Amino acid sequence: MGQTKNIFIILFLCGFLPFSVQAQDSLPLTQLLEQIENKFDVKFSYSVNDIQAVWVDKPHPSLTLVQIINELNEKTPLNFKFLNERYITVSILDKTISICGFVVAESDNQPLFGATLSILNTSIGTITDAQGKFKMDNLPINAMLSISYLGFTPQIFRAKDLRWTGIDCITVVMKEQNEALNQILISKFLTTGLQKSIDGSTVLNTEKFGILPGLTEPDILQSIQALPGVESVNESIANINVRGGTNDQNLILWDDIKMYHSGHFFGLISAYNPYLTNTVVVTKNGTSSEFSDGVSSTINMSTKNDINSKLSGGFGANLIHADAFLEVPISKKLAFHVSGRRSFTDVINSPTYDNYYKRSFQDSEISATSANFGENNQTSDFYFYDYTAKLLYDLNDNHKFRANLIGITNHLEYTEKYQANSEESSVKTSTLNQENIGFGANWDAVWNPKLSSNVSAFYSQYKVDAIDYKIETDQHLTQDNEVLETGLKFKTRYKFSKNINFLNGYQFSEIGVLNGTTVSAPSYVSIQKDVLLNHALFSEVEYKNKTTYLRLGVRGNYFQKFNKFIIEPRLNFRLKLIDNIALKLQGEFKNQSVNQNIDFEYNFLGIEKRRWILADNTIIPISESKQASFGFEYLKNNWTVDVEGFYKHVDGITTLNQGFYNNFQFINATGSYTAKGVEFLLNKTAHNYSTWLSYTYSTNTYDFPKFNPSEFPNNVDVRHSFSMALNLNVLDNLEISLGGIWRSGSPYTKPIEGNETVRDGSTTKVNYDSPNKENLDDFMRLDVSLNYDFNLAEGIQGMIRAGVLNTTNEENTINRYFKVNPDDSNTTVKIDHNSLNLTPNLSLRIKF
């Protein structure tokens, strides 16, 4: 009976180990400890009652002391911990443990600073320090730990596998993913999830994105405006200005699909749902030769690309829209990702919606009223939605297929009841539809450890349609703008050595653009169609070691229609002078064959004034840019100082795509602009806070040889731009972000005083003074956000975010122009476009 009782005790203490305690290779733990004490000259401290019934396997004679202790920790329900090099305590295993480790790269054994560690199904996590070290206390012994780093394959561990015994920490080796991004230089840049690559590009990891002032969502195109040199002079994400460029000069890619539409609510909300977007890479200069088109910047978005073993997803809503996303594993090799988002602005009007509506539709037909159109007789229904889908199939570890779909839609329907004298009222209904649909597919192949390839293809369709019914004249105005693009790209990467990589490839694109205008009375029809084919070869070599990064490339573009060949050299160089200081030099030539014209006369209900138009190499040339930048970085103790001077010259712009409100408004001419300046960033990050200050000084000047004067300030010539912010973790799950923006007012043109109008035949026009001679008042805004995380249940996380834009309710004028006074043709009326007033927002999200 006593023997049976002892057996049960042994089974219990040993965690139901196989009953082999009497085997020849097993021995009582007390006996083993005596042997270890004699062999290694150490002492164990323990209670006899804790270990007397424990048997263990005899360790191999070649094992070191640390290896033996680690094995005992792994195979017994006891905790062996070094007090110092000679004394070791033995105790019954607690329910919680401490873990410790170093995260290093497999390729060069260098520490990975800023690797993310998170306990699965909880909000608990940390990041590694500059030595790649992490340490966490009081973790459940059965916890599962995820370790991830951008560009490396994520790993899952049991917490007890990383248990800290008091002396040595475990080393975790991370393996680089194929097609990995360039090495991350700064892992927490401004806020969590925003990182700086060694090639100077900025990487936004939306899944780990922290918080920015005023935002309640990781809005992709809003978030990148935190970067120096990136801003929107009219507060619209559809008008992002990178180093003085116009919005259409930004190449926007979503899973290698070229997108022609970027914003919901006519530019106030990003059209890309961030919850299936994995990374966003923003490059201002020194772009890889793989990319062209977009002479100002490249914004490259990639969705999640891994097949997970468990179903996951999330849903949420704010005061404008609701959304949901799912990641559905069908098998170990097949998965399906889907997301959807729709506004409820056509059902519920929130304070946020009211402010967005007022901001979007000011000075348009929607906001105009007359004696025959009272406010009570005007109604509008506006909504937007977007959706994405992705099919993931892994043939094996070396061959992966992906297929993607994205759709973006804005819809506005505007109805007015018209009453003329005592006649029966009539109804006027106008509509505006704006959409971008894209399809894409790609195949990644790894042929051997040195050679990999990628083949991708896409189809993108952008379309905007408007029907404007004017009851007073019984006139129907129909307008269309459509872009169709198909593309094919093939590229190979060859790893010549540990430090040298080669990229080579070919790209083909066919772009077709349609612009149509139809008027019923008097009858008028105008339809223009253009098609352009482009063939491109690109090649580059990339070299990197501990102190030097060099990417040298060239791209050749052939435009079949014009028999024109354009060569584009690229340079990206970074040299680490000493441990904390590095110099950087970047340069590029780029081209762009599709631009947006701004049409004030035949616009879409006064709301959407932009039309995509294709270069014809005569009246509308291919835009070409030359850009160079030079600067230095200082990195130490999580301090970042980044100073960079830049020069950019863009040829082939036209007056039609600049949106002039002056005497040049209806004159078509070709010119250029030159932007040059200095960007400064000071950033300090820590585990529980991040703060930054940025300043940009720049000048931006037009040169149109046909005009007098030929040189004058650019419409987006903002001389001084200053921003600062503070993110603070008040608690482990409560974060606050406070920040402000100040910048110089943008230029505008005023009429000549005393001679404000001029007659041109039967038409009276505004008689403008020198172009862009005046400046609006300075722009100022203070924003605040709050983020609170919580656990609803095991595996289900919640998040509440609140944000307020323009908390001080500043009245900022973002654009100004003049019209002839309808009551006195000798005078003019000033028209101001204003920014958002104080605008609150609130979001709730659930993730599982």
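In what follows, the structure referred to is the one given above.
On a predicted model such as this, the values are computed, not experimentally measured, just so you know. (Residues numbered from 1 in each chain as written. Predicted model: local features only at pLDDT ≥ 70, side-chain atom pairs only at ≥ 80, totals over all residues. Heavy atoms only, no water.)

Asker: Please set out the sheet that holds strand β11 (residues 155–158) residue by residue, giving values where relevant.
Answerer: What the four strands build is an open sheet, ordered β8-β7-β10-β11; its pairing is antiparallel. Across the chains shown, the open sheet's two edge strands, defined by having one partner strand only, are β8 (125–127) and β11. Between one strand axis and the next, the sheet turns through 20° on average, direction left out of account. Of the strand pairs in this sheet, strand β10 (residues 144–148) and β11 are connected by four bridges, and their pairing is antiparallel. Bridge assignment links isoleucine 147 to a residue of β11, and that residue is glutamine 155. (Pairing = 2+ DSSP bridges. Helix = DSSP H or I, 4+ residues; strand = E, 2+ residues; numbered from the N terminus. Axes fitted to C-alpha atoms, helices over the stretch in contact; angles between N-to-C directions.)

Asker: Any details on the sheet that holds strand β12 (residues 170–174)? Residues and values, ideally.
Answerer: Read from one edge of the open sheet, three strands run β9-β6-β12, paired in mixed fashion. Edge strands, defined here as strands with exactly one partner in the open sheet, are β9 (133–140) and β12. Adjacent strand axes in the sheet meet at a mean angle of 35° when their direction is disregarded. In this structure, strand β6 (residues 96–105) lies alongside β12, joined through five bridges in parallel fashion. Residue alanine 105 lies in a different strand from β12, and its bridge partner there is methionine 174.

Asker: Can you explain the pattern of salt bridges? Please cite residues and give values.
Answerer: Side chains that differ in sign of charge can pair as their charged atoms come close. For the structure on display, the rule yields 30 salt bridges. Two residues, arginine 359 and glutamate 235, come together in a salt bridge whose shortest N-O distance is 3.7 Å. Pair noted here: arginine 359 is in helix α6 (residues 351–360) and glutamate 235 is in the loop between β16 (230–231) and β17 (241–242), with a separation of 124 residues, a long-range link. The same class applies to arginine 359 and to glutamate 235, which are both buried. Between glutamate 290 and lysine 491 there is a salt bridge, with its nearest N and O atoms 2.8 Å apart. Placement of glutamate 290 in the loop between β22 (277–283) and β23 (297–303) and of lysine 491 in strand β31 (residues 475–495) is noted, with a sequence separation of 201 residues between them. Exposure remark for lysine 491: the relative accessible area of 10% places this residue in the buried category. Connected through salt bridges with shared partners, the residues Arg243, Lys284, Arg574, Lys584, Glu633, Asp642, Glu644 and Glu679 form a single ionic network. (Salt bridge = Lys/Arg side-chain N within 4 Å of Asp/Glu carboxyl O. Buried < 20%, exposed > 50% of the residue type's maximum accessible area, 1.4 Å probe, protein only.)

Asker: Give a detailed account of the environment of asparagine 812, specifying residues and quantitative values.
Answerer: With respect to the helices and strands, the residue asparagine 812 is situated in the loop between β51 (796–805) and β52 (813–820). Sequence spacing of asparagine 812 and asparagine 837 is 25 residues, and the spatial spacing of their C-alpha atoms is 8.5 Å. Those residues in contact with asparagine 812, other than ones at most four positions away along the chain, are Asp778, Phe779, Met780, His833, Asn834 and Ser835. (Contact = heavy atoms within 4.5 Å.)

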